[in-house]
Amino acid sequence: MIAINKFNFFIFGTGRLAHSFVYSLQNAGFYISGVYDRNLNNAKEFAEKFNIKFYTSDLYNIVVPKNSLIFLAISDSSLVDFSIIIKKELDLSNKPFFIHFSAALSSDILSQIYNDSNFIGSMHIMQTFPDKNIYSLENCYCAIETDDNDLRNLLSILAEKLSLKIKYINKRDKILYHLIGVFASNFLVANLFYTKYLAEKINISEKELLDIILPIIDTTLQNSKNNGIINSLSGPVIRNDYLTIEKHRQALQSLNNNLLLDYYNVVLKIQEEIKKIL
C-alpha cells in the first residue's frame, strides 16, 4: 500500500468537528482533495476557509480516485441513510475507504455501502467541539475501530501524524466508550450549569463564579491524576458530616427545584458507594 501522504482526502460534512479535523490535517501537511455538504453554501464557505479547490453538494459530481480516504463528519442519526445515498450516487469502483467519527456507533453502520465490513471504519477523537472554532487535537485519544487491517494501519499512521494517542476498540465496547466521554464532558457542563444556577441566587456573576470554582476543579483533577479517582473524594460524605448534608437538602428544597434536589440526592448515593470502597 502507498504512503498515507499519497492518499486523496475527502471530507463529507462541514460541521464543528470537520473544522478542527481539516485544520489538523492541513497543519500536518495533508492535501484535501474535496469537500461535500448537502448545503452548497456550507460546502463553499468551508472550502474557501480552508483553501480547498473542489466543493460540491452533489455526490454525482465527485470523481473518487484510487487510494482515497473519505471522512464522514456527519451526525450519527444520518449515517445509515447517507450510506444508502453514497451507494446509489457515488462511484465506488476505486474502492475508497469510508471513516466516520461517531463514538457510539461502530463501523457496521456503514456496511450498506459495500455490503461488507471491508473498506469501512471509525475513528473517534476524545475532544469536545462546541462550535466551529479550531480546537487542538494534539495528545487527544483517537479510538480506532475497523475489521479492515489495511485501514487500521492507515488510521494508525494518520493518528500519529496528527499527534493523537491511539486506542484500538472493539465494536461492542463503543457505546460504553462514548458514555465515558459523556460523563467526563457533557455531565461536567450539567454540573457547571447548576453551580451557575446557585451562584445567581446569591448574586455571583458567571465570570466571578469561574474564578471561584476553577481552582478547586483543577485541584480535583490533579488529585485524581496523582492519587486515583476514588482517593480524591472529599466533602461532607467522606467526613460523615450529615448535619451539613441535611442543611444542603433544606436549602435546595427552599429553591423549589425538584430536579436539582433529586440530582443532589443521586450524587450523594454515588459518593456513599465510593466511600464503601475506601
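Residues numbered from 1 in each chain as written. Predicted model: local features only at pLDDT ≥ 70, side-chain atom pairs only at ≥ 80, totals over all residues. Heavy atoms only, no water.

*Asks:* Outline the side chain of S106, listing residues and values.
*Replies:* Position of S106 relative to the elements: it lies in the loop between β5 (97-100) and β6 (120-125). For S106, a relative accessible area of 15% puts it in the buried group. When residues no more than four places from it in sequence are discounted, the contact partners of S106 are H100, E145, K171 and K174. (Helix = DSSP H or I, 4+ residues; strand = E, 2+ residues; numbered from the N terminus. Buried < 20%, exposed > 50% of the residue type's maximum accessible area, 1.4 Å probe, protein only. Contact = heavy atoms within 4.5 Å.)

*Asks:* Can you explain the pattern of salt bridges? Please cite residues and give values.
*Replies:* All chains considered together, the criterion is met by nine salt bridges. With a closest N to O distance of 2.7 Å, E200 and K196 form a salt bridge. You can see E200 and its partner K196 sitting in helix α5 (residues 174-201), four residues apart, about one turn around the helix. Judged by relative accessible area, which is 46%, E200 ranks as partly exposed. Of the charged contacts, one joins K275 and E272 as a salt bridge, the two residues approaching to 3.5 Å between their closest N and O atoms. Of the two residues, K275 and E272 are both situated in helix α8 (residues 258-277); the distance of three residues between them amounts to about one turn of the helix. Each of D108, D147 and K171 takes part in salt bridges that share partners, so that together they form one network. (Salt bridge = Lys/Arg side-chain N within 4 Å of Asp/Glu carboxyl O.)

*Asks:* Which residues make up unusual backbone geometry, and what are the values?
*Replies:* Even without being a glycine, N67 presents a positive backbone phi close to 60°. Position of N67 relative to the elements: it lies in the loop between β3 (55-56) and β4 (68-72). For N139, which is not glycine, the phi dihedral falls at a positive 70°.

*Asks:* How would you explain the sheet that holds β4 if you had to name every residue and give the values?
*Replies:* Judged by pairing direction, the sheet is mixed, and its eight strands sit side by side in the order β3-β2-β1-β4-β5-β6-β7-β8 without closing on themselves. Strands at the two margins of the open sheet, each flanked by one partner only, are β3 and β8 (165-168). As defined by bridge partners, strand β2 (residues 32-36) adjoins β3 across two bridges and the pair is classed as parallel. Counted as the bridge partner of Y36 is T56 from β3. Strand contacts of helix α1 (residues 16-27): β1 (8-12), β2, β4 and β6, with the helix running at about 165° to β1, the strand carrying the most contacts. (Pairing = 2+ DSSP bridges. Axes fitted to C-alpha atoms, helices over the stretch in contact; angles between N-to-C directions.)

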